[in-house]
Amino acid sequence: MKILLIFLTFYLISGAVRCFSVTGYSGASLLVDSQKLWYSSSAKYVVKHDPWRTIVNYRKHNEWISEGRFVLFCNKYGNLMIFIRELNTHDAGKYRIRVLNKWYIDITLNVNTDSCCKVPKTVKVKIGETAAFSCEYSQNHINDPKIIFKEQHNSIDELIHTSSTLNMEGRLSVSDDRHNKLMTVRITAVTPDDGGVYLCGVWIYRLFYSISGKVRLHIMAKVGVSRVTGHSGGRVMIKCEHPQYKTRPKYICKESDGCSERKNPGVQDEWMENGDVSLYDDTRAGVLMVFFRELKAADAGTYRCGVNVSDYTESFTELQLHVTHDAKYPKSVSITAYIGEEVNIFCQIPEEHEVYFCKEDDNHICQSISTSTVTQMSGSSERNEERVFTVSISNVSVRDAGVYWCGAETRDTYLTFISLTTNIQLNLIMSPVVRREGESAEIFCPYDSIYKSKSKSLCKGKCSTRDRNTLSETVREEKETKTDRLTLNDDATASVFTGTITGLTAEDAGKYWCAVTLERDVNYLYTHLIVIMNEELNLTKYEGDDMSIQCKHHEEHQKCFCKAHEPSMCVKDGVSLETIRDDRVSFSDEASTGVFTVDITDLREEDSGIYWCGSHIITKVNLTVNIDFFLINIISMCSTLLLIGGFTVTECLLR
């Protein structure tokens, strides 16, 4: 925005009246300054003739008094100053500035819409360097002296004329390029106090100053440099520490675009998303946390992680981020455990770094390990480059299910960098539900109490956000929904929702996920519904015979073949064909047909019993292995004849 400042100089005695005409530019500001005309005990007014109405009524001393865009002030030299911000054409007209019972001044204000002067709005320079900026002026003012002002908190101070070459302890200078109609200001060895708003203009007719440029000078203080490395596809947490400026707003920006796009949380003490990062401005510790949810090659570069110390002064740490493409990282691990068990999670990190272990929340931000007790965190190393550490979580509950990350933490003076390289998804499994065809099955889904007001879902097979097979959901706690044969009931007091399926069929068998439906689904708890078919298979064999049994299965699930009185004895422990150690048993799989075949050779009497085969659809097989008494009789007869001597052994066996 172009600025015009009028600085009028005149001398009056008590009761005197003077008339002046001044011109300002639309969008700029106007300052009128009288000389030694202050009367502390008298009221001051600014009125406008349209007809006469009071704009500012001032009865205080040495303070700004504001009425909208109009300000009245007495400076430290005793001058009465009138300041008008952002002039517009409606401000044009006749004004009277009056000290009651003393004197008054009539000023005719003209507002010009001509835009003669274009100057940069903002100049940024690092502390200790030289700041330079230029202001244009009109052809009419080539021969007029040039001047620099600076806006202070409660005043506007004159800094330097072209007639005086240096000021501010010799660090400030102004030069006049009459050929290009530019005045250039230079401030060497800038300090934080140099930040602020500068006004540059010309001294017209030795009566007033016309200010043609407004420049906001920002001072950047670099406190340190950190070099860090992350892995493409991994997660990264950056903690920028500003303990001396805890409540000041903080930001992160990239040098390659001139830090034009500054990412900040917008609010303090709350996680907020800003593009591809999440940010948290911690006012208690004076720390800005920046979380890259998925590191990309484009994220590499030099960043400023800073804080706004004041309106025109900033302090920042320079962060040089390198992104590597390592096939080894990030790595993904899936762990499944029954509720109540102990889980051991293993991670591998470089030897020279500190261990960092965290759990993702619903917004995929990773900063804590939930509420579970870490019972062990130990390191061991076979090589000097890396070591393995173990995190043990005892008595796991639904609160522990979810996604964990482990990685390396690097600390610097003003910055902590955490590179997360290993993703661990902890799924919890409940004991399978085993029911017969036609019966009812209840699937119990415990959940963390923090989700009691969230809607719940029961999904079969898959339960991801993009590819989910939701059967039903209940919107709020203590509600019940019904769809065909499924009833879903939420007991918020017990933090359990229950899905009841009636009239079970073979199609109902499968893997069921318990999900809390959020913007991103929480679905790390599942169970298996096993349906026993009413149609049983009864087989009678003789010792030495072979047997072939066909069992139904779902391609992606574990195949089960087990000998037990009850099917729960098989499925609970996950007994599968792979665990069978009998050389007489073999199997073949035809995945496209949904059937696998179990072959048992050389049957024995002790093989008799009840078998269960399938996956989620279980068939009961009753096997009876008899002894062949006809063969026993022949062998007995041959033995008798041998004793008589009438037959040879070969003849007996042939018969």
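Residues numbered from 1 in each chain as written. Predicted model: local features only at pLDDT ≥ 70, side-chain atom pairs only at ≥ 80, totals over all residues. Heavy atoms only, no water.

Counting secondary structure elements, the protein chain contains three helices and 49 strands. Buried positions account for 47% of the 655 residues belonging to the protein chain. In the protein chain, the share of contacts with a sequence separation of at least 24, taken over all contacts with a separation of at least 6, comes to 63%. For the protein chain, the computed accessible surface area is about 32400 Å², with 48% contributed by carbon and sulfur atoms. (Helix = DSSP H or I, 4+ residues; strand = E, 2+ residues; numbered from the N terminus. Buried < 20%, exposed > 50% of the residue type's maximum accessible area, 1.4 Å probe, protein only. Contact = heavy atoms within 4.5 Å. Areas by Shrake-Rupley, 256 points an atom, 1.4 Å probe, with all protein chains shown as cover.)

Moving on, we get to the packing of aromatic side chains. In total, this model carries seven aromatic pairs according to the counting rule given. Here the aromatic rings of Trp-271 and Tyr-280 are separated by 5.4 Å at their centres, their planes lie at 45°, and the arrangement is tilted. With relative accessibility at 17%, the residue Trp-271 sits in the buried group. For Tyr-280, a relative accessible area of 13% translates into the label buried. Residues Phe-292 and Tyr-303 carry aromatic rings whose centres are separated by 6.2 Å and whose planes lie at 80° to one another, so their mutual orientation is edge-to-face. Here the residue Phe-292 occupies a position in strand β23 (residues 287-292), and Tyr-303 occupies one in strand β24 (residues 301-310), the gap between them amounting to eleven residues. Tyr-303 gets classed as buried once you look at its relative accessible area, which sits at 8%. We note Lys-456 situated over the ring of Tyr-447; from NZ or CZ to the ring centre the distance is 4.6 Å. (Phe/Tyr/Trp six-rings, centres within 6.5 Å; stacked < 30°, edge-to-face > 60°. Lys NZ or Arg CZ within 6 Å of the ring centre and 35° of its normal.)

Turning our attention to the pairing of strand β39 (residues 486-491). Side chains Leu-486, Leu-488 and Asp-490 of β39 all project onto a buried face; the interleaved residues Thr-487, Asn-489 and Asp-491 project onto a face where none is buried. Note that β39 and strand β40 (residues 496-501) share six bridges and pair antiparallel. Looking across to β40, one finds that Asp-491 is bridged to Val-496. Between β39 and β40, which pair antiparallel and follow one another directly, the connecting turn spans four residues, one of which, Ser-495, has a positive phi of 55°. (Pairing = 2+ DSSP bridges.)

With that settled, consider the nonpolar core. Proteins that are soluble and globular tend to have nonpolar side chains buried together. The biggest cluster of nonpolar side chains holds 57 residues, and the ones touching the most others in it are Ile-345, Leu-420, Ile-424, Leu-458 and Leu-529. Each residue touching Ile-424, except ones within four places of it in the same chain, is listed here: Val-333, Ile-335, Ile-345, Cys-347, Phe-357, Gly-402, Val-403, Tyr-404, Trp-405 and Cys-406. Core analysis: the next-biggest nonpolar cluster, separate from the first, contains 22 residues, Met-183, Val-185, Val-190 and Ile-219 among them. (Core = buried A, V, L, I, M, F, W, Y, C linked by side-chain atoms within 4.5 Å.)

This part covers the state of the cysteines. Evaluation of the coordinates by the stated rule reveals seven disulfides. In this model, Cys-551 is linked to Cys-613 through a disulfide, with the two sulfur atoms separated by 2.3 Å. Its torsion about the S-S bond being -105°, the disulfide of Cys-551 and Cys-613 is classed as left-handed. Taken together, the residues Cys-551 in strand β44 (residues 547-552) and Cys-613 in strand β48 (residues 609-614) connect sequence positions 62 residues apart. Taken individually, Cys-551 and Cys-613 each receive the classification buried, so the pair is uniform in this respect. (Disulfide = S-S within 2.5 Å.)

Below, the discussion takes up the side chain of Thr-416. With respect to the helices, strands and loops of the structure, Thr-416 is situated in strand β33 (residues 415-429). Accessibility expressed as a relative area gives 2% for Thr-416, which makes it buried. A distance of 2.9 Å separates polar atoms of two side chains, one belonging to Thr-416 and the other to Arg-411. With residues up to four places along the chain from it excluded, the contact list for Thr-416 reads Met-237, Ile-238, Lys-239, Glu-241, Glu-409, Thr-410 and Arg-411. (Polar contact = N/O pair within 3.5 Å; in protein donor to acceptor, adjacent residues only side chain to side chain.)

A few words on the pattern of salt bridges. For the structure shown, the criterion picks out 21 salt bridges. Asp-106 is the salt-bridge partner of Arg-96, the closest N and O atoms lying 2.8 Å from each other. Of this pair, Arg-96 sits in strand β8 (residues 93-99) while Asp-106 sits in strand β9 (residues 103-112), and the two are ten residues apart along the sequence. With relative accessibility at 6%, the residue Asp-106 sits in the buried group. (Salt bridge = Lys/Arg side-chain N within 4 Å of Asp/Glu carboxyl O.)

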